[in-house]
Amino acid sequence: MGLENTATLSTPPRRPGPQDMRNVLGHFCTGIAVITGQHGQRPVGFTCQSITSVSLDPPYVSFCPSLGSSTWPLIRASGRMCINILAAHQEAICAQFARSVEDKFAGIDWSPATNGAPRLHGTLATIEAELEYEHGAGDHTIVVSHVTALEAHGGMPLLFYRGDYGGLADHRLDPITG
């Protein structure tokens with residue numbers, strides 16, 4: 001019996017791979033945002049689902065662009081961004097900003113936020129921010145941004161769960177009876 005336990009303990013566990021991470025962490029429902037900025041006179045942006053509140057005082061939010069992103073370095077250069085939290089009806093906008101196309105803003109209604117970054121119309125909320133810190137983290141970068149303005153517009157969120165879009169039910173379950 002002691003040998004069985006030793007053999008089990010001496011076998012190193014299999015390390016999770018990228019697909020394992022997607023399969024398990026996909027069970028964590030997230031909202032979706034489009035991070036926008038200006039590169040000279042050109043608006044730029046990318047889809048991001050790793051947005052989180054970091055601190056209330058000072059007001060910080062965080063997001064994690066891929067190291068392979070060609071858009072994040074353009075936004076980083078200006079230091080100013082608008083985090084556009086997508087509403088349930090904005091699946092097409094999410095998909096458009098997730099692709100590598102020359103003009104991601106084609107057919108998109110937007111106007112400049114007070115910091116100059118594009119504010120997408122019809123979103124659930126917008127957060128204007130300035131780059132504060134950036135840390136490398138594997139195949140992504142952790143960006144911490146100082147919030148300079150924010151506004152909730154109302155509506156239902158566009159959610160991502162287990163590799164697909166989703167939304168909230170129109171009713172809430174009774175917490176006691178389910």
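Looking up the protein in an unreviewed UniProt entry gives the name Flavin reductase domain-containing protein, with the organism given as Mycolicibacterium neworleansense. On record in UniProt, under Sequence similarities (unreviewed entry), the comment for the protein is "Belongs to the non-flavoprotein flavin reductase family."

Caption draft 1: Quick peek at the overall build of the protein. For the protein, the count of helices and strands is four helices and twelve strands. Restricting to contacts in the protein with at least 6 residues of sequence separation, those with at least 24 account for 62%. Of the roughly 11,100 Å² of accessible surface on the protein, a fraction of 57% belongs to carbon and sulfur atoms.

Caption draft 2: Examining the sheet that holds strand S1 (residues 30-31) more closely. If you walk across this open sheet you meet the three strands as S1-S11-S12, and the pairing is antiparallel. Of all the strands in the sheet, the pair left with one neighbour each is S1 and strand S12 (164-166). Taken together, the two bridges between S1 and strand S11 (residues 159-161) define a ladder with antiparallel strand orientation. Considered in S11, the bridge of Thr 30 is made with Phe 160.

Caption draft 3: Layout of helix H4 (residues 91-98). Ile 93, Cys 94, Gln 96 and Phe 97 are the residues of H4 that are buried. Taken down its axis, H4 places every buried residue within 165° of arc, on the same side. Opposite the buried face of H4, by more than 90 degrees, sit the exposed residues Ala 92 and Ala 98. Each element contacted by the buried residues of H4 is listed here: strand S2 (33-39), strand S3 (42-48), strand S8 (118-120) and S12.

Basis of the calculations
Numbers given to residues run from 1 along each chain, matching the order in which its sequence is written. Local features in a predicted model are, by the rule used here, given only for residues with pLDDT of at least 70; side-chain atom pairs are given and counted only at 80 or more, and totals for whole chains, interfaces and linings are based on all residues. Values reported for side chains reflect all heavy atoms of the structure, with hydrogen atoms and water molecules removed beforehand. UniProt positions are given in the numbering used here, feature names are shortened, and annotations may be inferred rather than shown by experiment. Numbering of helices and strands runs from the N terminus; a helix is a DSSP stretch of H or I covering at least four residues, while a strand is a stretch of E covering at least two. Two residues qualify as a contact provided that any one of their heavy atoms is within 4.5 Å of a heavy atom in the partner residue. We get accessible surface area from the Shrake-Rupley algorithm with a probe of 1.4 Å; when it comes to residues, only the shown protein chains can shield them. Only strands joined by at least two bridges in the DSSP assignment are considered to pair. Think of it in three bands: residues with accessible area under 20% of the maximum for their type are buried, residues over 50% are exposed, and the middle band is partly exposed, with areas taken using a 1.4 Å probe on protein chains only. Of all possible arcs, the one meant is that of the directions from the helix axis to the C-beta atoms.

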